[in-house]
Structures are given as C-alpha cells and as structure tokens.
Amino acid sequence: SKKLINSVESCVDEALEGLVIVNPGLRVLQGHRVVVRHDIEDVIKEGKVTLLCGGGSGHEPAHAGYIGSGMLSAAVAGAVFTSPPPSSILAALRTISKPGAAGSLIIVKNYTGDRLNFGLAAERAKADRLKVNMVVVGEDCALTSSDKTAGRRGLCGTVLIHKICGALAEEGKSLEEIHQVASNAAKNMGTIGVSLTPCSLPGAGPSFELKSDEMELGLGIHGEAGVKRTKLLSAKEVVKMMLDHMTNPQTSTHLDLKKGDRVACMINNLGGTSVLEISIIAKEAIQQLESRGVVVERAYSGSFMTSLEMAGVSITLLHLDETIKRCLDAGTTAPGWSVPLLPVGISTRETPGVMPYSQEDVVAKSTDAVQVPKETADMLYEMIKLSMERLIAAETELNTLDKESGDGDCGSTLARGAKAILQSLGSKDNPSLPVGVPANLALSLARIVEDSMGGSSGALYSLFLTSASQCLQSSVTPNDWVRALLNGNSTAMRYGRAEPGDRTMIDSLVAAGTTLSEKISSCTPVQALEASVKAAESAAQATASMKAKAGRASYVSAERLKSPDPGAVSVTYWMRAILEVLQKQG
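Under the annotation held in an unreviewed UniProt entry, the protein chain carries the name Triokinase/FMN cyclase and is attributed to Magallana gigas. Quoted verbatim from the Sequence similarities (unreviewed entry) heading of the UniProt record, the comment on the protein chain is "Belongs to the dihydroxyacetone kinase (DAK) family." Recorded under Function (unreviewed entry), the UniProt text for the protein chain is reproduced unchanged: "Catalyzes both the phosphorylation of dihydroxyacetone and of glyceraldehyde, and the splitting of ribonucleoside diphosphate-X compounds among which FAD is the best substrate. Represses IFIH1-mediated cellular antiviral response."

Here it is as structure tokens:
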C-alpha cells in the first residue's frame, strides 16, 4: 500500500518525533515510545493525579495527541495496531508518578493485549510503591451476542474519558473520585462504526476486502469484523442504520436512549473520510437524534481515533450530567482535542436556525442616477430583448465551439443567463427592469447574470456590468457609453487576468472598445458602433489561430484549437443585436 514513510521499522518513532517537533510542550521519553508533558514534574509537585493511556499506533491523534493540561499526562505507543510492551508502560508510570504522590490513572481500551500489558505494568508499578488504578473502556455497541467473548471493544468514546478524567485531575480530584466518575461514564456511553474501505498497515496490503459497492457495520478500529455488510447507502440511511443498531434493545451491547435524554455526540473520522462527508454525517446524526427527542447538548466532529486510512465514520453517544458537562467544557492544551464554536457566553449546544436575510430586489437602485427619456428607455428595452434572444438562439453553436476547448457548455451558460434576463425584463409598456435608468439597469443585469449563469462567465459579465454602471451615474452621452465599455473591459481584464491575444471574450470586447473610442468623436454613434462591431467580429475570428493563454482552453493542446473562441464569438452576437436596434432608430 502507498504510505508516505521512510521505513516500516521507523515510522512510529518518526511520527512521535513529528508530534513533539510541532508541539514542543511534549517530550519523547528517552529509549521508549512514550510521550510526556514537558511540565510533568510541576504537575506531580502540585499534588494532581496524572493520567496515562496508550495502545498500538495508527489511531492518531490518539493517544499522544491528547497529552496536555486538562487531559493526559503521558501516552505509550506500540507498533502499528500492536499493544505497547509493559517495560515502556512502566517507564511512563515511573515518569509521571512518585511514591507518596497523588497517583496515576491508566485509561485502557478493552483489547486483550492492552489489558494484559498495561495490567502487568500497573502491578509492577504498585510494587514500586506507586499509587495506580486502571479503568477499562469498552463501549462498542456492535456486538449482538450475549455469549462470553473478549468483551465490548474500546473505541472513540475512550477520548471522551480522557477529557473527563483530565478535567477532574486538573480540578485536584482524588484518584478514587476520578476512577469512579470515569467508570460510570464508560458504562453510559456507546459507539458504533461503519467502514467503506479497509486500512493497510505500513508495508502490507489491505487488512480485509470490501467490494466497491459494499460497506460494513460495526468494525473495530483494527479492522476486526463487523456485524454485517450491506450495499452502499446514502448518508441519511447509514446514520439511521447506525443509530438503530446502537439503541436496539434486542442486542446485549445496546445503549439505552429515550426521548428527553441529554447526550454528547462525537462524530469520528476513521481516517480516510473527507471533511465534507463528515460534516454531512454530523448533520444527519444530530438531526436524527433530535427527531427522536434526544437532546444533543454537546457535539464534536473530526478525527479523534482513526484506523490509519480507513474510509468510514463512528458515532459515539455519552449520557450527560452536570459533572460530565463541566469536564467536557473545561479547557485543555492537548493538540488533538478540537473545540466546537459556540456563541459567546453559551456552553450548551442547540441546533441554530438560519440567519435572517432579506433578499434585495433584483432591481438594484442608485437613487441619484440619471434617467433617460422614454424613447431611449424603449430602445434600451429592445436592445436587451434582441441581444438575449440572439444568445439563446446561438446556444448549440457556442456549445459546439466550446467542445473544442472547454467542457461544451459555454452556449448553455450564456443561454441560461439570457433566459433569466428575459424573464426579469417584463413588458415594454411595463418593464420590470429599470431601463429608464441605465446605471441601475447595468447593476440589475449584473445581479441576474451573477446568480443565473454561475462559473467564470457569470462572474466576468457581472464584473463588466457593475463596473460599467459607474460611468452612467451622472450623464448618459455617447461618450459615457464608451467610457462604460472601456471601464467594464478594464475590470474584467484585471480580475480575469486575460489580455488581448489570450483567446478569450476579452479579444472581442477590447477590439470593440478601442474602435468605439477612436470613432465616437469623428462619426455618428451608429457609424461608430458599426465599426466597433466589425472590429469585434474580426477579433473573434482571429482567435481561431491564437494560442490560448487564459481560461480552460489554456490547458488544451494548441493543435486542437482550430475554431474561434466561443466567448469571443458570443460578444459579437449581443453587440450586433444592439447595433441593429440602434440602426432602426436612425
């Protein structure tokens, strides 16, 4: 399997080194795969209980990522998915505790190797006159049999026990008190996982096989078999299946959960699941719990206890009381613990509603913008109508051109914007867009194409029109229209980073703007626009022989680009439509 490591033999040691290099408040214990708080001597002198956890590597950030004030004092790492040796565990205990000190609590996941090795080290530590106790966490809700087995596996809920014990230790509670609270919390907690892919140990292949359309419910964090395999389901269906199994009273390992119960919910990434998917699972889990009448007062989402690169997720539910909530809310410096963002002064999570937003009317307004006479407004109406009709008619042609250099949707994108504009235009006698106020009209068109077209085309045309509107605020002369075109071009070039010669819509727009600027002072507006449109059309045709330097076409081999750029061609369609309306007006 592919792994970014230097060697199989050194990967665990180098991972621990990387952790402490990034987090200098931690230290690696010489000669052992043990990470300890740098200020452990101060903690012991303060008379606080110290906390130790550990297990096989591959579950990061568990366990060393939870070392810090308010959580663990030290963690012991074994080889990947292998329990650490008693000698290293004992070395850790001797480092975080002294004879006559407040004592140390070992937090162990319920796996045979961990129980044996940590238990052996604990007994040796007691022989050294160290005060030690141990809590074993086994909150797996996957098992359905009541037969005697190795017991419920310890899963991601162990991290919540770290947090609870760490907060109590920071408060100065005794070893006996912390052990009692932790034991009770572990009994009032459940976890269920689902896997979409296997994981693979460094230097080895996949630990098991799952078909591309399969998923498995109830796997352990080492790839141990789950309770059933099913076809791949939607996130909503997966979460329902997980919650149903976790709370099924017919199974011996279920978690009692009823309406009105208050819980903490932890959504855990098993290692290879995208953040996008985890957020969807979190939404589904909390919403489905709330639909069952369960009050989710605390929620956590992220990678807390992984299984290397396994794609999957686990859900942990913990019944809450005031002590548990206080402990979960307490501060910690542990780098692996992520804190959800809550409103200032609020500690209890509630599903928020959406923030109110009043959608502004599509007709953007500038109160001091100049108005034009009725005949000019009517002409602008006709220009918009005909221009948009021409773009809609050219959809197939533009899509065909775009298949050569893009994804073949340029015509559809422009047609979508054109249809939205026509839908908002209204009738000539009662227009819905402010055709009588050109500055506001440009802003309105900018809003429409921004919302309806999407992609870079929508953004560029919106920038073009928004910038153009600034030149039409106080007067609307032929020279103002020229300045509007030039200003729009400049803005589109600045943000789009395309220039003339790059084989984009800018080639047509700049050719039109340059020609219009040159002709407007020596010709009639109609003659100037005629020359401008011809220049745009020539520039559009010239793009057929250009090497693309911007947009998607820049990623396409020049040998494949034999036709004009569709964006440049589209400019000529709406410009010629404007010219035709102006010519009719004489």
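Chemist: Even after reading the chapter, I still don't get the overall build of the protein chain, so can you show me in this structure?
Modeler: Of regular secondary structure, the protein chain possesses 18 helices and 12 strands. For a compact globule of 586 residues, the expected C-alpha radius of gyration is about 25 Å, and the protein chain comes in at 34 Å, more than 25% above that figure. Each of the three principal axes of the protein chain carries a C-alpha extent, and together these read 105 × 50 × 50 Å. Among the 586 residues that make up the protein chain, the fraction classed as buried is 51%.

Chemist: Any chance you could explain the sheet that holds strand E1 (residues 26-28) here in plain terms?
Modeler: Two strands in a sheet stick together by hydrogen bonds in their backbones, pointing the same way (parallel) or opposite ways (antiparallel). A sheet is described by the order of its strands in space; here 6 strands give the open sequence E1-E2-E4-E3-E5-E6, paired in mixed fashion. Across the chains shown, the open sheet's two edge strands, defined by having one partner strand only, are E1 and strand E6 (132-137). When strand polarity is set aside, the average angle formed by the axes of neighbouring strands in this sheet is 20°. Where strand E2 (residues 34-37) lies against strand E4 (residues 74-80), 3 bridges are found, and the strand directions are antiparallel. Each residue of the ladder has a partner; that of Val34, found in E4, is Val76. Here helix H5 (residues 157-171) sits on the sheet in contact with E2, strand E3 (50-57), strand E5 (104-109) and E6, set at roughly 170° to E5. Relative to the sheet, helix H6 (residues 175-187) contacts E5 and E6, its axis offset from that of E6 by approximately 5°.

Chemist: What's the story with the sheet that holds strand E12 (residues 312-319) in this structure? I'm lost.
Modeler: The strand order across the open sheet formed by 6 strands is E9-E8-E7-E12-E10-E11, and the pairing between neighbours is mixed. For this open sheet the edge positions go to strand E9 (228-231) and strand E11 (295-302), each flanked by a neighbour on one side alone. Here the strands of the sheet are splayed against their neighbours by 20° on average, with no regard to which way each runs. Pairing of strand E7 (residues 189-195) with E12 involves 7 bridges; the strand directions are antiparallel. Along E12, the bridge assignment pairs Thr191 with Thr316. Across the sheet, helix H7 (residues 235-246) is in contact with E7, strand E8 (214-217), E9 and E12; its angle to E7 comes to roughly 140°.

Chemist: How should I be thinking about the UniProt feature "active site" (unreviewed entry) in the protein chain in this particular structure?
Modeler: Under the local residue numbering, the UniProt record ascribes the feature "active site" (unreviewed entry) to His222. Looking at where His222 falls in the secondary structure, it is placed in the loop between E8 and E9. Aside from chain neighbours lying at most four places away, what touches His222 is His59, Phe81, Tyr111 and Ser307. Only 3.2 Å separates the side chain of His222 from the side chain of His59, close enough to count as a polar contact.

Calculation notes
Residues numbered from 1 in each chain as written. Predicted model: local features only at pLDDT ≥ 70, side-chain atom pairs only at ≥ 80, totals over all residues. Heavy atoms only, no water. UniProt positions renumbered as here; feature names shortened; annotations may be inferred. Helix = DSSP H or I, 4+ residues; strand = E, 2+ residues; numbered from the N terminus. Rg over C-alpha atoms; globule rule 2.2 N^0.38 Å. Buried < 20%, exposed > 50% of the residue type's maximum accessible area, 1.4 Å probe, protein only. Pairing = 2+ DSSP bridges. Axes fitted to C-alpha atoms, helices over the stretch in contact; angles between N-to-C directions. Contact = heavy atoms within 4.5 Å. Polar contact = N/O pair within 3.5 Å; in protein donor to acceptor, adjacent residues only side chain to side chain.

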